[in-house]
Amino acid sequence: MENTVIAVAQLAIAIGELDANRKAAAAAVAEAAAAGARLVVLPELCDSGYVFGDDPDRASAEAGALASPADDSETLRQWQALAAEHQLVIVGGFCERGADGRLFNSAAVVDASGTRAVYRKAHLWDQEKLVFTPGDAPPPVVDTAIGRVAVMICYDLEFPEWVRLAALDGADLIAAPVNWPATAGAPKDGFPPDVLEALADAAANGVFVAVADRCRIERGVTWIGGSVIASPSGKPLAGPVLEDRAVVLTASCDLLRARDKSLGGDTDRLADRRPQLYARVAAQAQDERVAAATAHWAARFIANGTSYSDFQATMARITAWDDWCREWGRTAQYYERLAESADQAGRKATAGEAWRRAALCWHWGKFVFVDDLNQQRAAHDRTVACFRRGAATLSPPAEPVRVPYQGTSLAAYLRVPARQENQAKPAVVIMMPGLDSVKEELQATAEYMLGRGLAIIAVDGPGQGEAEYELPIEPAYEKVATAVADYLEGRDDIDPGRIGGFGVSLGGYYAARAAAFEPRIKAAVSLAGPFQWSLDWDILPPQTRATFQRRSGATSEAEARQKLAALTLEDAAARITRPLLVAVGGRDRLVPTSHAERLAREAPGAELFLIPDGSHGLTNHAFESRSTMADWLAAHL
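The structure contained in this document is the topic of the report that follows. (Residues numbered from 1 in each chain as written. Predicted model: local features only at pLDDT ≥ 70, side-chain atom pairs only at ≥ 80, totals over all residues. Heavy atoms only, no water.)

### Re the nonpolar core
For step 1, the next point in the chain: Core analysis: the biggest nonpolar cluster contains 59 residues, and Ile430, Ile457, Leu488 and Leu599 have the highest contact counts within it.
For step 2, the next point in the chain: It is helix α15 (residues 506-517) that contributes the most residues to this core, 8 residues altogether.
For step 3, the next point in the chain: Look past the residues within four positions of Ile457 in its chain and what remains in contact with it is Val401, Val403, Ala412, Tyr413, Leu414, Val428, Val429, Ile430, Met431, Val484, Tyr487 and Leu488.
For step 4, the next point in the chain: Of all hydrophobic cores here, the second largest spans 53 residues; its members include Val151, Ala166, Val228 and Ala238. (Core = buried A, V, L, I, M, F, W, Y, C linked by side-chain atoms within 4.5 Å. Buried < 20%, exposed > 50% of the residue type's maximum accessible area, 1.4 Å probe, protein only. Helix = DSSP H or I, 4+ residues; strand = E, 2+ residues; numbered from the N terminus. Contact = heavy atoms within 4.5 Å.)

See the structure below:
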């Protein structure tokens, strides 16, 4: 292990050129071996290339054509032959097809005996999520002839906890195949942030870090070219290159140094840790659902009627997911007490507002909480009961109605603006909730439509709200739209000849289906709706997957995945000839923008409304988006 020569090969890679890329890797390995290298690190996806594009179907098809199983990979066979010829170890990235057909951004540790370990990138960067499934195994630490080698890929290096796992597992060296894209904000002097993070990883954990970047512009993307070998003190032993050129760097490394974690005197990087003091970090890591909720749900809750202070106070009491429903119930109970007091004092407006706030809090408690079904059902019942008590004080009032549907009925709220005696009856918008929203939550958006003279009817369809316990999710949601349109034809306070549709999230899919198959829908808005959500199953948050499984009636995750595949606009999009506004946020983490772009492209009547920094449902731009959508519906109805 003393003075082991480590090499990193910065390669000029061309997407789709498998043979040329393998030849470039072989030449680099031979050059490294001639310099005495015992381990060579090759770049990320160095056989296939990296930039597959932003269209998920084309990108997946292209990557799939270049991928191979780890146990039948021409790339890995070549590396084994090279490792045997030159008596060294190779770590490199390749495009892997799993046994079930899923694609992985992977790296392998290969020596003369064969493939020692395959690691699947756990933290996917940007549009990689359109193509690859994230790995869920920790970085492997492999005992090789030269020492203990850990492997991780590119973006993984930016997660200190992930790098620390490898150090705790005894890694002497972390081999990291990367593709670091250059950014406009990269510093002109000093090292780019990606390089600094690799050096910091080495210093913080007392390990060697060997990073192999790539070069050659690929479909307009340029690269840092920051290949580097760092010592356990965080100092570069070779590189970084920071130029767009192919190069092999080598450094002589005493890998035994990585096993001494002392910093001088009685100090030790790992032994001096006090994990008991990091319990909060550990708890968040164990229950990432709470952390995700804090990071992503505030805008939605506030845009739909919950105050920021209530969100903060409630979240402060929640340290584990098991607390979720109970603590939102505590906030709801506070408003129930206010409502009861106001009712007794005859303050009807105050009581109505308090009841509706209580309903929303109960709803937040139960909307994706499927871990304790008794607790969830109790919160649901309180959602319905509280909102019902506050519905009459809305302006205009929310009238509870029942829509006949397949031998049963669906609960809905109808709100009709007041009109003058000779004024025409208003057009009406059918409002369709998503996977976890309900008719009560949609009322904040309804205000924008009512303010423009439109009536609304918000309905809990199959798998939603009051129907979620009796009816599973219905892929052909046009059946619901037809039932609601039939019901509206019996009303004398709206114009059944001017019916529109609106849906958010999974409801955006429902609205598009309704526009395709129910001719009485004259115009519709699909907000943040999926085109074919099953393509994203593996990257959906665990709460979302569990909620879909429950509300679709699936008995297993595998069955839920199959059921989600039935929710597709593949055959419906071409039938949408009526006006359709496809609204989406460029930073939607639940339904990638590509879904909206595909719908807007394939539906003849569609136009795209994109807010580049918009979140899921555009709740971080609630005023702009809701005003635009309401104006559009008013103009088209």
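### Structural notes on the packing of helix α10 (residues 324-344) against helix α12 (residues 373-390)
In a packed pair of helices, the relevant descriptors are the angle between the two axes and the axis-to-axis distance.
For step 1, the next point in the chain: Put simply, α10 and α12 touch, their axes get as near as 11 Å, and they point 25° apart. One way to sum up the angle between α10 and α12 is to call them roughly parallel. Crossing of α10 over α12 shows left-handed handedness. Residues Cys325, Arg326, Gln333, Glu336, Glu340 and Asp343 of α10 form the contact with α12, whose participating residues are Gln375, Ala379, Arg382, Cys386 and Arg389. (Axes fitted to C-alpha atoms, helices over the stretch in contact; angles between N-to-C directions. Parallel < 35°, antiparallel > 145°, perpendicular 65-115°, else oblique. Left-handed = near helix turned anticlockwise from the far one by under 90°.)

### Brief notes about the packing of aromatic side chains
For step 1, the next point in the chain: If you walk through the whole model with that rule in mind, you get 24 aromatic pairs.
For step 2, the next point in the chain: Ring centres of Tyr155 and Phe159 lie 5.0 Å apart, and the angle between their planes is 75°; on these two criteria the pair is classed as edge-to-face.
For step 3, the next point in the chain: Taking the relative accessible area as the measure of exposure, Tyr155 reaches 21% and is therefore partly exposed.
For step 4, the next point in the chain: By relative accessible area, Phe159 is classed as partly exposed at 25%.
For step 5, the next point in the chain: Across from the ring centre of Phe104, 3.7 Å away, lies the NZ or CZ of Arg120, which sits over that ring.
For step 6, the next point in the chain: The ring of Tyr469 has Arg377 lying over it, and the distance from NZ or CZ to the ring centre is 4.0 Å. (Phe/Tyr/Trp six-rings, centres within 6.5 Å; stacked < 30°, edge-to-face > 60°. Lys NZ or Arg CZ within 6 Å of the ring centre and 35° of its normal.)

### Some thoughts on the pairing of strand β3 (residues 89-97)
For step 1, the next point in the chain: With 8 of 9 residues buried, β3 is to be regarded as a mostly interior element.
For step 2, the next point in the chain: Here strand β2 (residues 37-41) pairs with β3 via 3 bridges, running parallel. Across the sheet, residue Val40 finds its bridge partner in β3, namely Ile90.
For step 3, the next point in the chain: The sheet contact formed by β3 and strand β4 (residues 103-111) spans 8 bridges and is antiparallel. The residue of β4 that forms the bridge with Gly93 is Ala107.
For step 4, the next point in the chain: Here β3 folds back onto β4 in antiparallel fashion, the turn holding 5 residues, of which Gly101 has a positive phi close to 90°. (Pairing = 2+ DSSP bridges.)

### Section: empty space enclosed by the protein
For step 1, the next point in the chain: Evaluated as defined, the whole model comprises 3 cavities of 30 Å³ or more.
For step 2, the next point in the chain: Quantified by volume, the largest cavity comes out at close to 60 Å³.
For step 3, the next point in the chain: Lining the largest cavity we find Val370, Leu373, Gln376, Glu468, Tyr469, Arg550 and Arg551.
For step 4, the next point in the chain: Put simply, the parts of the chain that give the lining of the largest cavity at least two residues each are α12 and α16 (542-552).
For step 5, the next point in the chain: Residues that form the lining of the largest cavity fall into these classes: 3 nonpolar, 1 polar and 3 charged. (1 Å grid on protein atoms, 1.4 Å probe; cavity = no way out; pocket = protein on both sides within 12 Å on 5 of 7 lines; lining within 4 Å. Points joined across faces, edges and corners; volume = space filled by probe spheres on them. Nonpolar A, V, L, I, M, F, W, Y, C, P; charged D, E, K, R; others polar.)

### A short note on the sheet that holds strand β15 (residues 408-415)
For step 1, the next point in the chain: What the 8 strands build is an open sheet, ordered β14-β15-β17-β16-β18-β19-β20-β21; its pairing is mixed. Bordering the open sheet on either side are β14 (399-405) and β21 (606-611), each of which pairs with just one other strand. Across the sheet, the axes of successive neighbouring strands diverge by a mean angle of 25°, strand direction being ignored.
For step 2, the next point in the chain: Those strands touched by α15 are β16 (428-432), β18 (499-504) and β19 (521-527), and its axis lies near 155° from that of β19.

### Points about the sheet that holds strand β7 (residues 148-151)
For step 1, the next point in the chain: Ordered in space as β6-β7-β8-β9-β11-β12, the 6 strands form an open sheet in which the pairing is mixed. Sheet topology places β6 (141-143) and β12 (236-238) at the edges, where each strand pairs with a single neighbour. The average angle at which neighbouring strand axes cross in this sheet is 25°, direction not considered.
For step 2, the next point in the chain: In terms of strand pairing, strand β8 (residues 173-177) meets strand β9 (residues 208-212) through 5 bridges, oriented parallel. Among the inter-strand pairings, Ile174 is bridged to a residue of β9, identified as Val209.

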